[in-house]
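Listed below, chain by chain, are the residues.
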Amino acid sequence: MRKVVVSKSDEKKQPAAGEWLDIEKIATAEISSEDPAFPIDNALDKTGTGGWRASGTGPQRIRLLFDEPQRIRRIQLHFVDRESERSQEFWLLALVGDELREVARQQWNFSPNGAPEELEDYTVELDGVKALELRIDPDRSHDPKQSRHVASLERLRLA
């Protein structure tokens, strides 16, 4: 049996639910496209008002380039589509050192009458993260010419 005694100071090092990073102050966002009415700022700010939406159909990319390497312990993604019946896939990748690591890959079937929201909350152990990339295929078609829906992200939070 292996044991570790955790002191109160060690417990404080773990992020609490309310201790989200201020992404707007510590990173630059690169986006493949953006609807002017739904800028990426909406999905990254602390109020989460309105979210981000792509300006066109097909796969999209959101990349956060951190000013300084970050220690990330929690990633929360919230997607909402109350209008479309569709199947979406996303990939979440982290650049740690010179290595691009896959953190998560998830598929979700949106249904306005049954499942209009997807909330993913990942506990991770990522040290020295230089960039975090979210790739979204809103139709799982992997072919921009066949895509009929627009990618969106209600909120992205990191701790």
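Residues numbered from 1 in each chain as written. Predicted model: local features only at pLDDT ≥ 70, side-chain atom pairs only at ≥ 80, totals over all residues. Heavy atoms only, no water.

1. A short note on the nonpolar core
In terms of nonpolar packing, the biggest core is built from 31 residues, with W52, I75, L77, L134, L153 and L158 touching the most fellow members. Beyond its immediate chain neighbours, meaning those up to four positions away, L153 contacts A43, G51, W52, I62, L77, H78, F79 and L134. (Core = buried A, V, L, I, M, F, W, Y, C linked by side-chain atoms within 4.5 Å. Buried < 20%, exposed > 50% of the residue type's maximum accessible area, 1.4 Å probe, protein only. Contact = heavy atoms within 4.5 Å.)

2. Things to note about the pairing of strand 5 (residues 99–110)
Bridge count for strand 4 (residues 86–96) against strand 5 is 11 bridges, and the pairing is antiparallel. In the sheet register, L95 faces strand 5, and the bridge partner there is L100. Once strand 4 ends, the chain turns through two residues before running back antiparallel as strand 5, passing G97 with a positive phi of about 65°. (Pairing = 2+ DSSP bridges. Helix = DSSP H or I, 4+ residues; strand = E, 2+ residues; numbered from the N terminus.)

3. Some remarks on the side chain of D45
Position of D45 among the secondary structure elements: in the loop between helix 3 (40–44) and strand 2 (52–57). No salt bridge is formed by the buried D45, whose closest oppositely charged neighbour, R155, lies at an N-O distance of 5.5 Å. In this view, D45 contacts E24 and R155; residues no more than four positions away in its chain are not counted. (Lys, Arg positive; Asp, Glu negative; His and termini not counted. Salt bridge = Lys/Arg side-chain N within 4 Å of Asp/Glu carboxyl O.)

4. Examining the environment of E154
Topologically, E154 is positioned in the loop between strand 7 (150–153) and strand 8 (155–158). Separated by 105 residues in the primary sequence, E154 and T49 have C-alpha atoms spaced 7.9 Å apart.

5. Comments concerning the environment of A115
Among the secondary structure elements, A115 is positioned in the loop between strand 5 and strand 6 (117–137). With 30 residues separating them along the chain, A115 and E85 place their C-alpha atoms 9.3 Å apart. What A115 contacts, discounting residues up to four positions off in sequence, is W108, N109 and F110.

6. Section: the packing of aromatic side chains
Under the definition given, this model contains two aromatic pairs. Centroid distance W108 to F110: 6.4 Å. Interplanar angle 70°. Geometry classified as edge-to-face. Take F110: its relative accessible area is 1%, and that puts it in the buried class. The aromatic ring of F38 is capped on one face by R53, whose charged end is 3.9 Å from the ring centroid. (Phe/Tyr/Trp six-rings, centres within 6.5 Å; stacked < 30°, edge-to-face > 60°. Lys NZ or Arg CZ within 6 Å of the ring centre and 35° of its normal.)

No statement about biological role is implied by the geometric values presented.
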